Amino acid sequence: SFFSTKTGVYLLQDGNEEPFNIRLHLAKDILTIQEQDVICVSGEPFYSSERTVTIRRQTIGGFGLSIKGGAEHKIPVVISKISKEQKGKLSFLVFLINGINVRSYRHEEAVQVLRNAGEEVTLTVSFLKKTPAFLKLPLCEDCTCVPSDQSSGTSSPLCDSGLHLNYHPNNTDSLSCSSWPTSPGLRWEKRWVDLRLIPLLHSRLSQHIPGSDVCRKHAFQVIAVDGVCSGVITCPTAEDCLDWLQAIAANISALTKHNVKKINRNFPVNQQIIYMGWVDEKEQDSGQDRMYSPKFLALKGSSLFKFSAPPVTTWDWTRAEKSYTVYEIMCKVLKDSDLLDKRKHCFSIQTECGEDMFYSVELECELLIWEKAFQMATFLEVERIQCKTYACIMESHLMGLTVDFSMGFVCFDAASKAVLWRYKFSQLKGSSDDGKSKIKFLFQNQDNKAIEAKELEFSNLFAVLHCIHAFFAAKVACLDPMFVESQGAATTAGGVSTLTSVSCNTQTSRIKYSI
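Source: prediction; values computed, not measured.

A.B. asks: I'm lost on the packing of aromatic side chains in this one. Help?
C.D. replies: Aromatic rings considered in pairs are described by the distance between their centres and by the relative angle of their planes. In the structure shown here, the tally under the stated rule is 19 aromatic pairs. With a centroid separation of 5.5 Å and an interplanar angle of 85°, the aromatic rings of Phe307 and Trp317 are classed as edge-to-face. You can see Phe307 sitting in strand S18 (residues 303-307) and its partner Trp317 sitting in the loop between S18 and strand S19 (322-325), a full ten residues away along the chain. Note on Phe307: relative accessible area 4%, which makes it buried. The exposure class of Trp317 is buried, given its relative accessible area of 9%. Chaining the aromatic ring pairs together yields one cluster made of Phe409, Trp421, Tyr423, Phe425, Phe441, Phe443 and Phe472. Over the ring of Trp278 we find Arg204, and its NZ or CZ is 5.6 Å from the ring centre. Between Arg343 and the ring centre of Tyr292, over which it is positioned, the NZ or CZ distance is 4.1 Å.

A.B. asks: What is the right way to read helix H1 (residues 107-115) from this model?
C.D. replies: Side chains of residues three or four places apart in an α-helix project in the same direction, reflecting 3.6 residues per turn. Residues Ala110, Val111, Val113 and Leu114 constitute the buried set of H1. The buried residues of H1 occupy an angular sector of 160° when the element is viewed end-on, so they sit on one face.

A.B. asks: In this structure, what is going on with helix H3 (residues 238-264)? I would like to understand it.
C.D. replies: Its 27 residues give H3 an end-to-end C-alpha distance of 38 Å, which sits within 8% of 39 Å, the value for a rise of 1.5 Å per residue. Taking burial as the measure, the 27 residues of H3 include 19 buried ones, the bulk of the element.

A.B. asks: Can you help me understand the packing of helix H4 (residues 364-385) against helix H5 (residues 461-478) in this one?
C.D. replies: When two helices pack together, you describe them by how their axes are tilted relative to each other and by the distance separating the axes. In contact at an axis separation of 9 Å, H4 and H5 are set at 95° when each is read in the N-to-C sense. With respect to H5, the element H4 is oriented roughly perpendicular. Note on element contacts: H5 touches H4 through Ala470, Phe471, Ala474, Ala477 and Cys478, opposite Thr378, Phe379, Val382 and Ile385.

A.B. asks: When you look at the nonpolar core in this model, what are you seeing that I'm missing?
C.D. replies: In summary, soluble globular proteins display a tendency toward joint burial of nonpolar side chains. Core analysis: the largest hydrophobic core is formed by 30 residues, its most contacted members being Leu401, Phe409, Trp421, Phe441, Leu456, Phe458 and Phe471. Secondary-structure elements contributing two or more residues to this core are H4, strand S23 (387-394), strand S24 (397-404), strand S25 (408-413), strand S26 (419-423), strand S28 (438-444) and H5. Among the elements that take part in this core, H5 stands out by supplying eight residues, more than any other. Apart from residues no more than four positions distant in its own chain, Leu401 is found in contact with Lys388, Thr389, Tyr390, Cys392, Phe409, Val410, Cys411, Phe412, Trp421, Phe441, Leu456 and Phe458. One finds Tyr10, Leu12, Ala224 and Ile252 within the second-largest nonpolar core, a separate group that totals 26 residues.

A.B. asks: It is not clear to me how the pattern of salt bridges should be interpreted in this structure. Could you clarify?
C.D. replies: Pairs may arise between side chains of opposite charge once their charged atoms sit close together. Going through the model one piece at a time under the given rule, you end up with eight salt bridges. A salt bridge links Arg319 to Asp316, with the shortest nitrogen-to-oxygen separation between them at 4.0 Å.

A.B. asks: What is the right way to read the pairing of strand S14 (residues 219-223) from this model?
C.D. replies: As a general feature of sheets, a regular strand has side chains that alternate between the two faces. Counting buried positions over the five residues of S14 gives five, a clear majority of the element. Alternating residues of S14 divide into Ala219, Gln221 and Ile223 and Phe220 and Val222, and every residue in both groups is buried. As judged from the three bridges shared by strand S13 (residues 204-206) and S14, these two strands associate in the antiparallel manner. Bridge assignment links Leu205 to a residue of S14, and that residue is Val222. Examined bridge by bridge, S14 and strand S15 (residues 232-234) share two bridges and lie antiparallel to one another. The partner of Phe220 across the bridge, within S15, is Ile233.

Rules used in this analysis
- Residues numbered from 1 in each chain as written.
- Predicted model: local features only at pLDDT ≥ 70, side-chain atom pairs only at ≥ 80, totals over all residues.
- Heavy atoms only, no water.
- Phe/Tyr/Trp six-rings, centres within 6.5 Å; stacked < 30°, edge-to-face > 60°.
- Helix = DSSP H or I, 4+ residues; strand = E, 2+ residues; numbered from the N terminus.
- Buried < 20%, exposed > 50% of the residue type's maximum accessible area, 1.4 Å probe, protein only.
- Lys NZ or Arg CZ within 6 Å of the ring centre and 35° of its normal.
- Arc of directions from axis to C-beta.
- Expected span 1.5 Å × (residues − 1).
- Axes fitted to C-alpha atoms, helices over the stretch in contact; angles between N-to-C directions.
- Parallel < 35°, antiparallel > 145°, perpendicular 65-115°, else oblique.
- Contact = heavy atoms within 4.5 Å.
- Core = buried A, V, L, I, M, F, W, Y, C linked by side-chain atoms within 4.5 Å.
- Salt bridge = Lys/Arg side-chain N within 4 Å of Asp/Glu carboxyl O.
- Pairing = 2+ DSSP bridges.

Pasting the structure below:
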């Protein structure tokens, strides 16, 4: 399979934080997000011993400090901002608050300890070995440090990422570099360090503001299967953004295909996976705050499955939100004139009950992959079952209508099994339905060329209509040399077709027959 690799420096916005520079590196199965940090490259970094300080609650600004970190972020509790009244009394790393060990506390738990500490609090603190990257604080304007290595432009850590003390707008100050203890022989450098690692298997891309149809301006985010989010990555141009989206989508697609091959070893031939991927489903209830919700679709054997998260175990396949028989549903790729809102690359699915569901994907190549996969799944299932029979009523008598891949339409008496009439697919010249239960077929008699009308009533009208459409599409696909060639090229040694010929980095012509 084809994998992309890319590297570049862009802007990242994480929640409500100010945007900052990051470096992206795309590899085969992981997206690495790095940020610049100051690290000690020679000598032993200074680490002061613990000391105890006592501070009092102020009328304005409380204790005059704010904290970051916590066990849920796998980093210690750190004082990130401090008022000028406490300047010189506090360092960064917090060990004890009024004798309570907060080293393994979550952020909110440490905040609650401070809130409930009364008018006076005793803290056991210590300087950090280096200024943590997650503080993301601006450079001290009054910094007078001289770089320790003029040729490399390195300097002390505080000079590179000093603390701007803005706990309260009228009660702030800055710590100068003189407040940072120095040690001879130390050399500090700015380097790119890993901020987040996003595994790409089953990750999803999004250019849109969550839940809406509003597309960000040449920006996107990547959300891992475990929920870890890259943050909003902003590219300088729309072209650059599209390049990244296509490269990441290509790697996700290649990983998915490889994973599907492994999973399919555990399933019989008639239960093979044809497609797996993320989509955004439009909410049916217009009163919902969210217009769209992420869903994971999978085409496996005779069914389309809809999940809230990718299935990992065999048991997960039994816990789908919904499942549909592929030849009893209708898929339609929406033209620009049919779009419901600002979202592009959309398709609809009409269920066997006549319910319409609308989905969108991020890229045109993803829409093409879905369209081809649905066609393939439907064709394979029709080819496997060969015929499908539905109960119906004709002239107040219980009948059965069989749609046969080889013979066409066969109507028979339900009690005696006697065949009343049969027509080939080529003899069907038209049809109409009342949208509820009745279908009128117009067949042409092969002998006298006369049109013969047959009206049947079904309890599952839409399932019958979609099934007939699926059989017709499969019949036409057999006559299409492009489809037959693509099916043969994608057939594995086990005789199961998989999607291996469509890539988000290639310009593939659209297939002819929409299912």
